[in-house]
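What follows is the residue order along each chain.
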Amino acid sequence: MSKKFFITTPIYYVNSVPHIGHAYTTIALDILARYKRQQGTDVHFLTGTDEHGANIEKSAAAKGVSPKEWTDDVSAQYRAMWKELNISYDDFIRTTDSMHEHVVQAVFEKLLKQGDIYKGSYSGQYCLSCEQYYDESEMLEGGLCPVHKRPLTQVHEETYFFKLSKYQDALLKFYAEHPDFLSPRFRANEIINFVKGGLRDLSVSRTKVKWGVPVLSNPAHTVYVWFDALINYISATGAGTVLCEDKTEHARHLEKLGAEKFEDFWPADLHLVGKEIFRFHAVIWPAMLMALGLPLPKKVFAHGWWTVDGEKMSKSLGNVINPVELAHQYGTDPVRAFLFREVPFGQDGDFSITSFKNRYNSDLANNIGNLLSRTLNMAAKNMAQLPETAGENTPTHARALEIEKTLDAYYQDLAFDKVLESVYAFAGDLNKLVDEKKPWELAKTDKDAACAVLLELVGGLRYIAQWLAPFMPSVAQEMQRRLSAGPIQKYPPLFPRLEEKK
Ligand code: MSP
C-alpha cells in the first residue's frame, strides 16, 4: 500500500461550547480532504475529542455525572455536529480510547527510560483553566493568566519533565531546512524567535489531576493533557504497533482503517490548527517526535481567529454563534462557503449576519444561482435535452482549463478564499456572456447559435459545480444533477434570496 495523504484537525476539548470558530478548523480540513479526493488522492482525515484534565473532571462533577459519562456525551455531540456540517472525516479518536492511552503510556516510559523524561519538582504560577504554568514574563500585570485574565494559583508539585531544551538546536535546524513546515510564512518568525529565546524543559505530569492517563511506572502521576493530546496523531494511526508491547488492539485498528502499518499514514502531511495552539504543534510536538525517533510532519498550518462584531466569542458575553443553528437557518453549504470566502485563510476575521446575508445574495443567489436558473430555463425552451459533453472548443472551456491549474496552486497554499474568488469571478463572466449574447433574442433568428451559447454556459456551469463541491458538497451535487445529460426540468431556485438588512 502506498502512503496515505494524512491530515488532521486538533482534537476538540469536550469542555468548550462549540461555535463557528471551532467548526472553522474542521470545515477547512474537510474542504482540503474533499478536493484531494476529487484529484484521486488517498486521503486520511483524522479528528476527535480531547477528554482529559482537571477542568473536565470539574465540569462532570458540576453536572453530577462521572467524567466518563460526561465525555461520552460531549464527544457524541461533536460527532453529531460534524455530521450536520457535512464533515467527511475518516477516523475519530477520543483520548479516552484504551488504544490511545496505551500509546501515551508507552511513549512516556520509552522517553523516561532513555532519559528524555526525568523526575523533578516544580513551583510556579499555574492557570487551572489552561492547565499550564506561566512565568513572570508571560503573566499579565497583577499576576493574571494571559488567556483568562484571572489570578494564577501558586503550585508546588513533584513532576516529570520532558527535556525540551535539548531539542532547541535540532528544531531550529529543522525549520531552516524545511521552510514549508511553519505555515503560513508570516507566522514562522514568532515560533523561530520563541525557540531562539531558549526552551525550558516542560512539566509533563500532574499529581493533582486524577482524570488523566496514569504514568505506568508511577501511577501517583497522570500525564499532562497536552502531552497526552498531541500523541493522538500517532496513536490513531497505529503507532502502538511500533511502540507498545501488546500490539493486538493497534493492529486491529489499522485493519479497521484498511491499512497495514503505521507508515501507511505517518508522517502526517498536514496538522491544521488555530493560531493559539501553533506553539504546541510547531515546537513541543516535533521535539517529542525527535525524541521518539519518528519522522516529523510535513507541515503545520495555523489559521486565524473569528470574532463576532469585533468581540471574542464567549459564553459569558452571550455572543457565541452556533454553527449548527446557523446551518439550520441558512443551509450548511452557504455557511461553509461564507467562512472561506469572507476572510483569507490564515488571517483573523469578524463574523456578522449582515455580511453573511450580503455575500449569500451577491455570490450565491445573484451570481451562481441566477446563472444556473437562467441557463437551464433558456435551455429548456430551446432544446429537448442536455448532451453528455457541452461547450467544448469554446473560449469558456479554454478559460476553465486555465482556472483549474491556478486552483491547484491555491489549494497548495490553503488559499481557500482565492479558490472561491476565482470560481465566483468565472460565474460572473458567464453571466456577462449571457447579457452580451442575449440567447433569448438570438433564438428568434438563429436557434443553432443560441443553443451553442447555452451549451457553452452549461459546460462552464459543470466546471463550477465540480469546483464548488469541496466547499458546498450537497449544493454541488444538486447542481450536477440539474446539469446532467438528459431531459431538462423546471427547478426551484438553488439559493433563494435572503431579505437584506438595511
Ligand atoms: N484540545 C486542544 C487541541 C489539542 S490538539 C492535540 C484545543 N481544542 S479547542 O476545542 O479549544 O480548539 C479546537 C480548534 O478550534 C482549534 O484549532 C482552535 O484554534 C479553533 N478555534 C477555537 N476558537 C476559535 C475562534 N474563535 N476562531 C477560529 N478558530 C478557533 O485547542
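Residues numbered from 1 in each chain as written. Predicted model: local features only at pLDDT ≥ 70, side-chain atom pairs only at ≥ 80, totals over all residues. Heavy atoms only, no water.

1. Concerning the sheet that holds strand 6 (residues 132-134)
1) Next: Strand order in this open sheet of four strands is 6-5-7-9, and the pairing throughout is antiparallel. Each edge of the open sheet carries a strand with a single partner, namely strand 6 and strand 9 (202-203).
2) Next: Here two bridges tie strand 7 (residues 153-162) to strand 9, and the two strands are oriented antiparallel to one another. Paired with F161 across the bridge in strand 9 is S203.
3) Next: Those strands touched by helix 4 (residues 98-113) are strand 5 (117-127) and strand 7, and its axis lies near 115° from that of strand 5. (Pairing = 2+ DSSP bridges. Helix = DSSP H or I, 4+ residues; strand = E, 2+ residues; numbered from the N terminus. Contact = heavy atoms within 4.5 Å. Axes fitted to C-alpha atoms, helices over the stretch in contact; angles between N-to-C directions.)

2. Looking at the nonpolar core
1) Next: Of all hydrophobic cores here, the largest spans 94 residues; its most connected members are F340, F351, F416 and I464.
2) Next: For this core, the element with the highest residue contribution is helix 18 (residues 447-468), accounting for eleven residues.
3) Next: F340 has contacts with Y24, I27, A28, I31, F345, F416, D417, L420 and F471, leaving out every residue within four places of it along the chain. (Core = buried A, V, L, I, M, F, W, Y, C linked by side-chain atoms within 4.5 Å. Buried < 20%, exposed > 50% of the residue type's maximum accessible area, 1.4 Å probe, protein only.)

3. Observations concerning the environment of G21
1) Next: Along the polypeptide, G21 turns up in helix 1 (residues 20-38).
2) Next: Judged by relative accessible area, which is 17%, G21 ranks as buried.
3) Next: Measuring from C-alpha to C-alpha, the distance between G21 and I321 comes to 8.5 Å, with 300 residues separating the pair along the chain.

4. Things to note about the environment of S235
1) Next: For S235, the position within the fold is in helix 8 (residues 232-235).
2) Next: Once residues lying within four places of it in the same chain are set aside, the contact partners of S235 are I93, M99, H100 and V103.
3) Next: Within the structure, S235 has its side chain in polar contact with the side chain of H100 (distance 2.7 Å). (Polar contact = N/O pair within 3.5 Å; in protein donor to acceptor, adjacent residues only side chain to side chain.)

5. As for the site of the ligand
1) Next: Taken together, 25 residues are adjacent to the ligand, and I11, G21, D50, E276 and W306 come closest.
2) Next: Between the ligand and Y13, the relevant distance is 3.1 Å, taken from an oxygen atom to a main-chain nitrogen or oxygen of the residue.
3) Next: A distance of 2.9 Å is found between a nitrogen atom of the ligand and a backbone nitrogen or oxygen belonging to G21.
4) Next: For the ligand, the accessible surface in isolation is 670 Å², of which the surrounding protein chains cover 96%.
5) Next: Elements supplying a minimum of two residues to the shell around the ligand: strand 2 (12-13), helix 1, helix 7 (225-230), helix 8 and strand 12 (270-274).
6) Next: Taken together, the residues of the shell around the ligand break down into 13 nonpolar, ten polar and two charged. (Near = heavy atom within 4 Å. Areas by Shrake-Rupley, 256 points an atom, 1.4 Å probe, with all protein chains shown as cover. Nonpolar A, V, L, I, M, F, W, Y, C, P; charged D, E, K, R; others polar.)

6. A closer look at empty space enclosed by the protein
1) Next: For the coordinates displayed, the defined rule picks out two cavities of 30 Å³ or more.
2) Next: Of the volumes computed, that of the largest cavity is approximately 60 Å³.
3) Next: Taken together, P334, A337, F338, R341, F356, R359, Y360, D363, L364 and Y424 form the lining of the largest cavity.
4) Next: Those elements giving two or more residues to the lining of the largest cavity turn out to be helix 13 (332-342) and helix 14 (353-382).
5) Next: Among the elements that take part in the lining of the largest cavity, helix 14 stands out by supplying five residues, more than any other.
6) Next: Looking at the lining of the largest cavity residue by residue, the classes come out as seven nonpolar, no polar and three charged.
7) Next: Quantified by volume, the second largest cavity comes out at close to 50 Å³. (1 Å grid on protein atoms, 1.4 Å probe; cavity = no way out; pocket = protein on both sides within 12 Å on 5 of 7 lines; lining within 4 Å. Points joined across faces, edges and corners; volume = space filled by probe spheres on them.)

7. Here's the deal with the pairing of strand 4 (residues 91-94)
Regular strands place side chains that alternate from one sheet face to the opposite one.
1) Next: Side chains of strand 4 alternate between two faces, with D91 and I93 and F92 and R94 buried alike.
2) Next: For strand 3 (residues 43-50) and strand 4, the ladder comprises four bridges, and the chain directions are parallel. Directly across from T47, in strand 4, lies its bridge partner F92.

8. As for unusual backbone geometry
1) Next: The omega torsion of the bond from S183 to P184 falls at -10°, within 30 degrees of zero and hence cis.
2) Next: Relative to the elements of secondary structure, P184 occurs in the loop between strand 8 (182-183) and helix 6 (188-196).
3) Next: Put simply, W266 and P267 share a cis peptide bond, and its omega is 5°.
4) Next: As for its position among the elements, P267 is in the loop between helix 10 (248-256) and strand 12.
5) Next: Even without a glycine there, the phi angle at N86 is positive, about 65°.
6) Next: By secondary structure assignment, the location of N86 is in the loop between helix 3 (67-84) and strand 4.
7) Next: Even without glycine at this site, K438 takes up a positive phi of about 40°.
8) Next: Structurally, K438 is set in the loop between helix 16 (416-437) and helix 17 (439-445).

9. Regarding the packing of helix 4 against helix 10
1) Next: Helix 10 packs onto helix 4 with a crossing angle of 125° between their chain directions and a minimal axis gap of 10 Å. Relative to helix 10, the element helix 4 is oriented oblique. Note on packing geometry: the crossing formed by helix 4 with helix 10 is left-handed. In contact with S98, M99, H102 and V103 of helix 4, helix 10 contributes E249, H250 and H253. (Parallel < 35°, antiparallel > 145°, perpendicular 65-115°, else oblique. Left-handed = near helix turned anticlockwise from the far one by under 90°.)

10. Here's the deal with the pattern of salt bridges
1) Next: Scanning the entire structure with this criterion turns up 23 salt bridges.
2) Next: For D116, the salt bridge goes to K166, with nearest N and O atoms at 3.0 Å. One end of the pair, D116, is in the loop between helix 4 and strand 5; the other, K166, is in the loop between strand 7 and helix 5 (168-177), with 50 residues separating them in the sequence.
3) Next: Relative accessible area serves as the criterion here: at 2%, D116 is assigned to the buried category.
4) Next: The closest approach of N and O atoms between D269 and K298, which form a salt bridge, is 4.0 Å. Taken together, the residues D269 in the loop between helix 10 and strand 12 and K298 in the loop between helix 11 (278-292) and strand 13 (300-303) connect sequence positions 29 residues apart.
5) Next: The partly exposed category is assigned to K298, whose relative accessible area is 46%.
6) Next: Salt bridges sharing partners connect three or more residues here, namely E51, K68, D72 and R94. (Salt bridge = Lys/Arg side-chain N within 4 Å of Asp/Glu carboxyl O.)

11. A closer look at the environment of L294
1) Next: Looking at the element boundaries, L294 is found in the loop between helix 11 and strand 13.
2) Next: Sequence separation of L294 and W266 is 28 residues, and the distance between their C-alpha atoms is 8.7 Å.
3) Next: Residues within four places of L294 in sequence aside, it is in contact with I234, F262, W266 and L289.

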